[in-house]
Amino acid sequence: MPDPKLPTMDVYIVPKHIYEDVSADDLGTYEATDGVASGPYSLTELRRGQDWTMEANPNYWAGEPAVDQVIFRLFTNADAMVTALEQGEIDAAHNIPSASVANLEGAEDIVVVQGQQGGFDELAMNAGAGGIGDGHPALEDVEVRRAIAHAVDKETIVDRVLNGLGEPADAMSVSPDRSWTPEIEDPFEFDLDVANQILDDAGYEDTDGNGVREMPGGGDELSFRWALRTESEVAQPIYELVSGSLADIGIETEVETYNDTQLGPVIGRGEWDLFVWGWTPFVDPDPQLSYFLCDQVSTDPENPLDYYNDANWCNEDYDALYEEQNQELDRERRTEIVHEMLTTFYEEAAYAVLYYSPDLQAYRTDRFEGWVRQPAEIGPVIFSNTSPSYAQLVPVTEDSGDGSGGDGDDGGSNTGLIVAIAVIGMLVIGGGAFAIGRRGSADDRE
């Protein structure tokens, strides 16, 4: 069967004598600290909640790396991480706060990277397709979801919450290659008058004058639970902005707070109405598209993490188009199909995609050089698809002391590259450190 993903598909080769005794049921809890690795480094030590250490792989096919050891430190406080970078205690940092970007850009021996990998954040609405949980029935109505989409001021969110370090979004991103993302011809512009009119026309009225609309014909008020992520620096300010606009169109919100580990199962059980979270897609668009198939909607409350479709949304036309693009080898035709899928997803408004956001990173230039952006020129330098920096870093020498990219010291390897990573959005799984696409669900994504 033809498969257009094969040129970019990640397929890991693992030793039979190590993995043959690990059952499928045990993979989720398998520590994978046995040193198995086919890349430039292998995991040698893991201290959960603190750090993990990677040692150079002498059998790496491209040659043993010039740096003996990479240590990843977890920070629970982003400001403390930035201070450690400024003081030279660490060599690189991931997920730096947007408020720190301007100061770091003016710091000596530090380079700030706004790495584009197609990442985005969205306001998700429980469309109720799974039939489980207790999502508000009003959100099963596409008109209510469209009204909410018109009540989201994306420009203000980017300016005030992200300090301008982002781009207001419409369609969902499915790849770092933006050609896969269509231009939406009739976007849901921020307009509270339009939003109010949509709800009026759909029969959602405030019959008792308390400022909150009710279901058509009477019944439950439009009071939605907002699942707020406690591990996100942007969650609270986004909530404050959007909930104020929702109040202006007669929709009430009540906050329920969760850390990321707690929120995944809550979403899988359908016990939510609204939340804001994000994705970073794969190189090929197929995986991101597959998450929203009908068979990925959670239907088993006893196994809430066995799902991907966190919009709780199902569309048979979307499914049919997915199968078509999944086997289409002509790039131009496949792009057309993907655009049609994303336009359908957009018009159904189970997601209000808020903005395309960069991976904010910074690294020092005084000890190591060879930092590689992936995708080239636009991507981050660490936690990318293959993270080429780790294999290519070399110590700065006298001849290349400006960190601009010399050949490095050929006199042997050097211990001590320390890469610091903010705890937000990071997990250690399967024998390595990964910046993962999403929340802890079926396969522990972001």
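See the structure above.
Attention here is on the structure that accompanies the text. (Residues numbered from 1 in each chain as written. Predicted model: local features only at pLDDT ≥ 70, side-chain atom pairs only at ≥ 80, totals over all residues. Heavy atoms only, no water.)

1. Quick word on the packing of aromatic side chains
What counts, and what does not: Each pair of aromatic rings taken from Phe, Tyr and Trp, with Trp reduced to its six-membered ring, is defined by centres within 6.5 Å and is described as stacked if the planes are under 30 degrees apart, edge-to-face if over 60, and tilted in the remaining cases. We count a stretch as a helix when DSSP gives it H or I for four or more residues in a row; a strand needs E for two or more, and each element gets its number in order from the N terminus. Each residue's exposure class comes from its accessible area (1.4 Å probe, protein chains only) as a fraction of the maximum for that residue type: buried when under 20%, exposed when over 50%, partly exposed otherwise. Only lysine NZ and arginine CZ atoms are considered, and such an atom sits over a ring when it is within 6 Å of the ring centre and within 35 degrees of the ring normal.
For the structure shown, the criterion picks out 18 aromatic pairs. Relative to F345, the ring of Y318 has its centre 6.4 Å away and its plane inclined at 45°; by these criteria the two rings are tilted. Here Y318 is found in helix 10 (residues 316–325), whereas its partner F345 is found in helix 11 (residues 331–348), with 27 residues between them in sequence. A single burial state applies to Y318 and to F345, both of which are buried. An aromatic cluster is defined as three or more aromatic residues linked by ring pairs; in this entry it consists of W279, Y291, F292, Y308, W313, Y318, F345 and Y351. A cation sits over an aromatic face here: R178 above Y356, 4.1 Å from the ring centre.

2. Regarding the nonpolar core
One broad rule of soluble globular proteins: the nonpolar side chains tend to lie buried together. Keep this limit in mind: We define a nonpolar core as any set of buried Ala, Val, Leu, Ile, Met, Phe, Trp, Tyr and Cys residues linked to one another through side-chain atoms lying within 4.5 Å. The contact criterion used throughout is that any non-hydrogen atoms of two residues lie within 4.5 Å.
In this structure, M172, L289, F292, W313, Y318 and Y351 are the most contacted members of the largest nonpolar core, which totals 36 residues. The set of elements that each furnish at least two residues to this core consists of strand 6 (120–125), helix 8 (260–268), strand 10 (274–279), helix 10, helix 11 and strand 11 (351–356). Each residue touching W313, except ones within four places of it in the same chain, is listed here: A127, A129, R145, F292, V297, Y318, F345, E348 and A350.

3. Some words on the pattern of salt bridges
What counts here: Salt bridges are defined by distance alone: a side-chain nitrogen of Lys or Arg within 4 Å of a carboxyl oxygen of Asp or Glu.
Counted by the stated rule, this structure contains 16 salt bridges. One salt bridge in this structure joins R333 and E324, with 2.9 Å as the shortest N-O distance.

4. Here we look at the pairing of strand 8 (residues 223–229)
Test applied: We call two strands paired when DSSP finds no fewer than two bridges between them. When the strands point away from the viewer and the connection leading from the first strand across the helix to the second strand turns clockwise, the crossover is called right-handed.
Summarising burial for strand 8: seven of the seven residues are buried, a large majority. Residues of strand 8 alternate between two faces, with S223, R225, A227 and R229 on one and F224, W226 and L228 on the opposite face, all of them buried. Note that strand 8 and strand 9 (residues 252–258) share seven bridges and pair parallel. Directly across from L228, in strand 9, lies its bridge partner T257. Chirality of the crossover, the property in question, places the unit of strand 8, helix 7 (residues 235–248) and strand 9 among those that are right-handed. Bridging between strand 8 and strand 10 involves two bridges; their strand directions are parallel. From the neighbouring strand, A227 faces strand 10, where its bridge partner is F275.

Interpretation note: all reported values are geometric properties and have no functional meaning in isolation.
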